[in-house]
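Each chain is listed here by its residues.
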Amino acid sequence: MRSTLVSQFGDPRQVIALVDAERIPPGHGGVEIALSLSAINPSDLIPVTGAYSARTTLPFVPGFEGVGTVNRIGAGVTTLKPGDRVIPIGASGLWQQYLVRPAEWCFAVPDDIDDRQAATSYVNPLTTIRLIEALKSHFGSVNGQRIGVTAAGSAIGGMLLKLMSGEGAKPIGIVRSQRSAERLASDTPGKIVIADKGHIPSGLAFDAIVDAVGGPFAGELIGQTLQLGAAFIQYGALSGVPVPIPAIQARPDVRFSFLWLRTWVHAAGRPAIEAAFAQSFAGLRTGLFSSRIAQTYPLSCLDEALAHQADPRRDGKLLLDTRC
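Every value quoted in this text rests on a predicted model; they were computed, and no experiment measured them. Within every chain, residues take consecutive numbers counted from 1 along the sequence as written. For this predicted model, a pLDDT threshold of at least 70 governs which residues receive local features, and a threshold of 80 or more governs which side-chain atom pairs are given and counted, while totals over whole chains, interfaces and linings are taken from all residues. With hydrogens and water set aside, each side-chain value is computed from the structure's full complement of heavy atoms.

Here the focus is the overall build of the chain. In terms of helices and strands, the chain carries 11 helices and 15 strands. With the radius of gyration taken over C-alpha atoms, the globule rule is written as 2.2 Å times the number of residues to the power 0.38. The C-alpha atoms of the chain give 20 Å as radius of gyration, which agrees with the globular expectation for 324 residues (20 Å, within 12%). Referenced to the eigenvectors of the C-alpha coordinate spread, the extents of the chain come out at roughly 60 × 40 × 35 Å. Note on contacts: a residue pair qualifies if any of its non-hydrogen atoms lie within 4.5 Å across the two residues. Across the chain, every contact between residues at least 6 apart in sequence was considered, and the portion connecting residues at least 24 apart equals 68%. Surface exposure here means Shrake-Rupley accessible area, sampled with a 1.4 Å probe, where a residue is shielded only by the protein chains that are shown. As presented, the chain carries roughly 14,200 Å² of accessible surface, and 52% of it is formed by carbon and sulfur atoms. Counting 29 positive and 27 negative side-chain charges, the chain places the centres of these two groups 3 Å from one another. Put simply, DSSP marks the helices as runs of H or I at least four residues long and the strands as runs of E at least two long, and each gets a number from the N terminus on. This count recognises Lys and Arg as positive and Asp and Glu as negative, with His and chain-terminal groups excluded. Note that the charge is assigned to NZ on lysines, CZ on arginines, CG on aspartates and CD on glutamates.

In this analysis, rings of Phe, Tyr and Trp, with Trp reduced to its six-membered ring, are considered paired at centre separations within 6.5 Å, and the interplanar angle assigns stacked below 30 degrees, edge-to-face beyond 60, and tilted for intermediate values. Scanning the entire structure with this criterion turns up four aromatic pairs. Taken together, a centroid distance of 5.7 Å and an interplanar angle of 55° make the contact between phenylalanine 232 and phenylalanine 256 tilted. With phenylalanine 232 in strand β12 (residues 226-234) and phenylalanine 256 in strand β13 (residues 255-258), the pair connects residues that are 24 residues apart, well separated along the chain. The classification of residues rests on relative accessible area computed with a 1.4 Å probe and restricted to protein chains. Under 20% of the type maximum is buried, over 50% is exposed, and intermediate values are partly exposed. Given a relative accessible area of 21%, phenylalanine 256 falls into the partly exposed group. What links up through ring pairs into an aromatic cluster is the set Phe107, Tyr122, Phe277 and Phe281. A positively charged side chain is recorded as over a ring if its NZ (Lys) or CZ (Arg) lies within 6 Å of the ring centre. The angle to the ring normal must also be within 35 degrees. Between arginine 23 and the ring centre of tyrosine 98, over which it is positioned, the NZ or CZ distance is 3.7 Å. The ring centre of phenylalanine 107 lies 4.1 Å from the NZ or CZ of arginine 270, which sits over that ring.

Time to look at the environment of valine 254. Looking at the element boundaries, valine 254 is found in the loop between α8 (245-249) and β13. Take valine 254: its relative accessible area is 8%, and that puts it in the buried class. Distance from valine 254 to proline 298, taken between C-alpha atoms, is 46 Å for residues 44 residues apart in sequence.

Tracing the backbone shows serine 291 in the loop between α10 (270-286) and β14 (293-298). By relative accessible area, serine 291 is classed as buried at 14%. What serine 291 contacts, discounting residues up to four positions off in sequence, is Thr120, Asn124, Ala155, Met159 and Lys317.

This next bit is on the pattern of salt bridges. By convention in these notes, a salt bridge is any Lys or Arg side-chain nitrogen within 4 Å of a carboxyl oxygen on Asp or Glu. Tallied over the full model, the rule gives 14 salt bridges. Between arginine 285 and aspartate 112 there is a salt bridge; the shortest N-O distance is 2.6 Å. Within this pair, whereas arginine 285 is found in helix α10, its partner aspartate 112 is found in the loop between β7 (106-108) and α3 (115-118), the two being separated by 173 residues in sequence. Among the residues examined, aspartate 112 registers a relative accessible area of 47% and is labelled partly exposed. One salt bridge connects aspartate 315 with arginine 292, and the closest N-O pair in it is separated by 3.6 Å. In this pair, aspartate 315 sits in the loop between α11 (302-309) and β15 (317-321) while arginine 292 sits in the loop between α10 and β14, placing the two residues 23 residues apart along the sequence. Connected through shared salt-bridge partners, Arg23, Glu32 and Arg72 make up one network.

Once that is clear, we can look at helix α6 (residues 178-187). Listed in full, the buried residues belonging to α6 are Ser180, Ala181 and Leu184. Summarising the axial view, the buried residues of α6 lie within an arc of 100°, below the 170-degree limit, and thus occupy one face. Working definition: the arc comes from the directions between the helix axis and the C-beta atoms, pointing outward to the latter.

Taking the numbering used here, the UniProt-annotated feature "domain: Enoyl reductase (ER)" (unreviewed entry) corresponds to residues 10-320. Helix makes up 33% of residues 10-320 and strand 25%, with an end-to-end C-alpha separation of 21 Å. UniProt positions are given in the numbering used here, feature names are shortened, and annotations may be inferred rather than shown by experiment.

Angular values range over 0 to 180 degrees, each being the angle between N-to-C directions of two axes fitted as lines to C-alpha atoms, with helices fitted over their stretch in contact. Contact geometry for helix α9 (residues 261-268) and α10: axes closest at 7 Å, N-to-C directions at 125°. Considering the angle they form, α9 stands oblique to α10. Facing Trp264, Val265 and Ala268 of α9, the residues of α10 in contact are Ala272, Ile273 and Ala276. Amino acids are sorted into nonpolar (Ala, Val, Leu, Ile, Met, Phe, Trp, Tyr, Cys and Pro), charged (Asp, Glu, Lys and Arg) and polar (every other residue, Gly among them). Tallied by class, residues from the contact of α9 with α10 come to six nonpolar, no polar and no charged. Convention used here: angles under 35 degrees read as roughly parallel, angles over 145 as roughly antiparallel, angles from 65 to 115 as roughly perpendicular, and any remaining angle as oblique.

This brings us to the pairing of strand β4 (residues 66-73). Both strand β3 (residues 30-40) and β4 contribute to a ladder of seven bridges, which runs antiparallel. Each residue of the ladder has a partner; that of leucine 37, found in β4, is valine 67. DSSP bridges decide pairing: two strands pair if at least two such bridges lie between them. For β4 and strand β5 (residues 85-88), the ladder comprises two bridges, and the chain directions are antiparallel. Bridged to glycine 68 within β5 is valine 86.

Now the structure itself:
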C-alpha cells in the first residue's frame, strides 16, 4: 500500500517520504480501515519538525484526522462491521491507504455527514468545544466576557469566534494582516483587530485570551491586554516558540492553562468523546463547524500538498485523498 513515513525530524517537505508499506491484518479487537480522506493540520506537521521529540518515536506515519471505511475486522470485534464509515483517532497514522486501529478508537460517522465534513470533524471542532468548556469552567459563563482569539483567521479561530458569539461573549479576533481581517469581517461575528509582535493596538482589554501562537507575541498580549483575574488558555504554538516564562511569572493574578486535545482524548473515556463528536456533527449540519476546503490532493502528490500548506496565501484546509 502507499504510505508516508518520517524517519528523521526536520522540514516536513524534506523528511516526509512516500513509501510502499506492507498491509498488516487486524489483530484481536482491531479493524483495518480503508482510508478515504485525511486532513493536513499544523498539529500533524509540528511533531515532524522534532518539536515534540521527547514524546515522538521514529519512524512514524503522520496524520491525526481523517475518515475511512472498515475493510476487515479482527477477532472479538462486535461493534463494527465491514462497510462502516468511521473516524479513527487516538494516534497518528492517517496519511496512508490502510490503517489498523483498535475498534474502541473508531467512531461511527452519521450517513448525512459526507467524507469531506467527516475528515475535518475531529481536531478543530473538538478543540473548539473543549476551549469553550474551559472558559466556562473559569467564568461560570462566557456571557459578556471580552475574549481575544489569536490566529483568528484559521479554521478553528473562525469556529471559536462564532461559538463564543452564540454563547453571548464579546469575541475579538486577532490577525496579522489586513487581508485576513477583511475576510473575517465578511463572515465572522465579533470585532477584528490587526496585531503582531511589537504592534499591539492601544486600548485592547481582555477578560481572557485563547491562544494558538505562543512566543513573544503571546507574552506581549499577556502583559498589555489581560485584565486583573483574567484567563489565558493556550492550545497551540504556531510560532514554534513557548510563551516566555517571565511573562507568565509577571502575572500571578492570571489563570494560565494549556489544552492539548490528545491529552483530553486519552483521559476522557469513550462516552465523553462520543458526546463531543455528536456536538461536532450537529455543528457541521448547521455550518458552525464547517471548514473551508482549499484543495484536495492525491496522496501521491504529497510534495505539492505540503508546498501549498506552507503558502501564507493559502485560504482554507487541505485534504489528502489517500486512495490515489
